[in-house]
Amino acid sequence: MPTDASHRGLARRLARVESRNVTFLERLPPFWTQARGAGVRDAAGNVYLDLTGAFGVAFAGHRHPRVVERVREQSGQLIHGMGDIHPPAVKVEFLEALTSLMPWPDARGILGLSGSDAVEAALKTAHVATGRVGVIAFEGSYHGLTLGALATTHRKHFRRPFSDRLADHVHFVPFPSSRSGAKQALDTVSELLAAASPVPVGAVIVEPIQGRAGVRVPPRGFLKELGERARAGGAILIADEIFTGMGRTGHLLASFGDGAVPDLVCLGKALGGGMPISACLGPATVMDAWPPSTGEAIHTSTFLGHPLSCAGGLGFLAAVEAEDLVQRARRLGGEALDYLVASLDGCDEVVDVRGRGLMLGIELRARAGEPVGAGAAVAERALERGLIVLPAGEAGDVVELTPPATLTREELERGLEILVAVIRSAG
């Protein structure tokens, strides 16, 4: 763990100016100063291999040249526009490029800056499209922390302080990990959709793979049938692909890997190549439920279609296509999963190894009485060896891997070797 005086000094400075709720400083974190590809450098000059992609954002790698070039060019022309009044031309270019990748020939979008923004837009869209305010979400879900998104986020840690402010028309259904569990979940969804009271359901929101809950992967076919059940019940299926979308799982959208076509898709994280941008996308049949603007939009924001973020997004989309990052994620992810399964076979600390593409999770055996979850403990020890991974799951017992698709095979092998050694030494 970082011990350099520069980190201690930065931690003291940050503690004086940032809400204590935000950054955990009891264990001194590294303060990043540079990143490129899968490599990160901190304020003390330490170098790390990043197998998190910085929360999955750096799917195309940190500081990808195509992203940097587009942002640099745009910064010399227009940094800020008036998104819904005098739109930046680059917003048009980005939306054209993005909607052309979606499964609907007449796709429309609402841009935002964060994943929560995209979820809020999707929930509002479902409301205006169906006239119903009820929502079905899943246990373990994480959809963001703004109030509308938080109401569909399941974890008590985030909900409890604000429970009296949250909408009470969200139903949580168990997220399945088996075919029998999938049938039970689907039957419960159908029952909730059929109930006309107290609040009819107009939206079903789901992560194709639950990331923050510990890379929880539903059985094949679940998403496809979930969409069919939702539509049969008069509701809209919202696929929260903020973590899984844009190639992470070996498909442009994880939904595609399950044969599903959602009614709305939420994108974020990787979408801007490191710049903050998100999107709620859907076909005109759904999106045109919004009324036309009369000169005062009813869902907008000051930085909507921000020129630098749109430029970064265009650079990212160009990188994904030019370097075939979707297929690369599928290939490297398959190799990584095979290696982890084989290397951790027989390890008493390991409960399960799972994932799709470059979204992998290693579930570890919980240890009663330990101050942190088993995954969090592994992440701390890995950091000491120059490897960045993150814990996931409600108890922090899963090690989550979401590395850049641009990392070399040698970098991936080195990182996995370190991780396996750390996990095995825990026993």
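Residues numbered from 1 in each chain as written. Predicted model: local features only at pLDDT ≥ 70, side-chain atom pairs only at ≥ 80, totals over all residues. Heavy atoms only, no water.

(A) Looking closely at the sheet that holds strand β1 (residues 32-36). Spatially, the 4 strands line up as an open sheet ordered β1-β2-β3-β13, and their pairing is mixed. Edge positions in the sheet fall to β1 and β13 (387-388), since each has one partner strand and no second. The pairing of strand β2 (residues 39-42) with strand β3 (residues 47-50) spans 3 bridges and is antiparallel. Looking at the pairing, arginine 41 lines up with valine 47 of β3. (Pairing = 2+ DSSP bridges. Helix = DSSP H or I, 4+ residues; strand = E, 2+ residues; numbered from the N terminus.)

(B) Quick look at helix α13 (residues 374-384). For α13, the buried fraction is high: 8 of the 11 residues fall into the buried class. Along α13, the residues classified as buried are Ala374, Gly375, Ala376, Ala377, Val378, Ala379, Ala382 and Leu383. On its buried face, α13 is in contact with β3, β12 (359-364), β13, β14 (390-392), β15 (398-401) and α14 (409-425). (Buried < 20%, exposed > 50% of the residue type's maximum accessible area, 1.4 Å probe, protein only. Contact = heavy atoms within 4.5 Å.)

(C) Highlighting helix α3 (residues 65-75). Looking at α3, one finds that the buried residues are Val67, Val71 and Gln74. Considered in projection along α3, the buried side chains sweep an arc of 65° and stay on one side of the axis. Opposite the buried face of α3, at more than 90 degrees from it, the exposed residues are Glu69 and Arg72. Its buried side turned inward, α3 meets α4 (89-99) and α11 (307-322). (Arc of directions from axis to C-beta.)

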